[in-house]
Amino acid sequence: MAKESIKASVEQEQLTDGAKQLLVNAGSNDREVAIAAQAKIADGVTEALRNPVQAEIREGIMDGDIVSDIFVSEDFSTTGDMQIPLDLLTPGTEKEHVAYTMPDHGKIPMRRVEGDYIQLNTYPIGSSIDCTRRYLRNARFDILRRMMEVLELSFVKKNNDDGWQTLISAGYGRGLVAFDADATAGQFTPKLASLMKTVVRRNGGGNSSSINRKRLTDLYVSPEAMEDMVSWGLDLISDDLRSEIHRSESGGISGMYGINFHDLDEFGVGQEYQHYYSTTLSGSMGGSDQEIVVGLDQTSADKSFLHPVTEDLTITEDDSLHRSGLVGFYGSMEGGWAVLDVRHVLVGSF
């Protein structure tokens, strides 16, 4: 018999008879029948959350993923060794390793180096969702679909927050905040982006011709910062750039000075990532500035932004709820977040 799939993109009346029966069975009064059907649904949900492109049970995303384009996931599920070796040359000591003009008589001095490593840590996260059996017994596919959306949201939201809190904490830990002293407080300016680019360069080590020198590639700002672009006058940008801003669908430009701009709803006055920086971390800003921006060097993300995973996300049916007249699913995974080199992160404010 062909496998019956349940696609969230179809309406109730478009479901196959087999798919409808699967939902009815999941709400059955017969415990064995109900658990077997719920297990099939759980398998489909697990595959959907792992591979959203080919998701079988999915329609919309309540909170979008805003970290996977930054962090590189690395699978540690088959090994217990979660040590990341560090470069033998400690940042800040590069200029100590310079060749000498040798005297007529004497030996070359010794300079010993030692390697070190970072021990990564992971932690388990979990979530669950349930409904009464009568929903599925009546083949209410829209209820199941909504359950899966909420279940996915819980993992997406958790990963978003943990990943970005790690990035913001890394930027805070550097003790560097770039800001445009000539700008009005609360006004995002092109000069701030330019200043941050210079600060990343000056504090990234190496010299002008270094191959792997740090540079600012991406800037994450609030929607209000993007809106500020509309008010940029000819004293800040050229006329053709102003025309491009007014013609764009987003009301802003995607970048300048070789820096890509990204607007995130979580940034801005009173928003959660601003609150995390200002209240939880007690981070400071320049002058009377009102909000932060975060700049990243993503040229070699695998060397800095790491998402170690020791257990992939798995959705399982809860076989203990049948007596209570409920159908439930729960999921779990184990992972972590790490910024291996804080020189790839810089906080700015305006």
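Residues numbered from 1 in each chain as written. Predicted model: local features only at pLDDT ≥ 70, side-chain atom pairs only at ≥ 80, totals over all residues. Heavy atoms only, no water.

Draft legend 1. Geometry of the overall build of the protein chain. The helix and strand inventory of the protein chain stands at 8 helices and 13 strands. Each of the 350 residues in the protein chain was classed as buried or not, and the buried ones make up 43%. A separation of at least 24 residues holds for 75% of the contacts in the protein chain among residues at least 6 apart in sequence. Working note: accessible area of the protein chain is about 19200 Å², and carbon and sulfur atoms make up 47% of it. (Helix = DSSP H or I, 4+ residues; strand = E, 2+ residues; numbered from the N terminus. Buried < 20%, exposed > 50% of the residue type's maximum accessible area, 1.4 Å probe, protein only. Contact = heavy atoms within 4.5 Å. Areas by Shrake-Rupley, 256 points an atom, 1.4 Å probe, with all protein chains shown as cover.)

Draft legend 2. Focus on the packing of aromatic side chains. For the structure on display, the rule yields 10 aromatic pairs. Ring centres of F71 and W337 lie 4.9 Å apart, and the angle between their planes is 80 degrees; on these two criteria the pair is classed as edge-to-face. Of this pair, F71 sits in the loop between helix 2 (31-50) and strand 1 (72-75) while W337 sits in the loop between strand 11 (326-335) and strand 12 (338-339), placing them 266 residues apart in sequence. As far as the burial class goes, F71 and W337 line up, both buried. Taking 5.9 Å as the distance between ring centres and 80 degrees as the angle between the ring planes, the aromatic pair formed by F267 and Y273 counts as edge-to-face. (Phe/Tyr/Trp six-rings, centres within 6.5 Å; stacked < 30°, edge-to-face > 60°.)

Draft legend 3. Structural detail: the environment of G328. Take G328: it is sitting in strand 11. Classification of G328 as buried rests on a relative accessible area of 1%. Separated by 196 residues in sequence, G328 and T132 place their C-alpha atoms 8.5 Å apart. Beyond its immediate stretch of four places on either side in the chain, G328 contacts Q38, I129, D130, T316, E317, D318 and L321.

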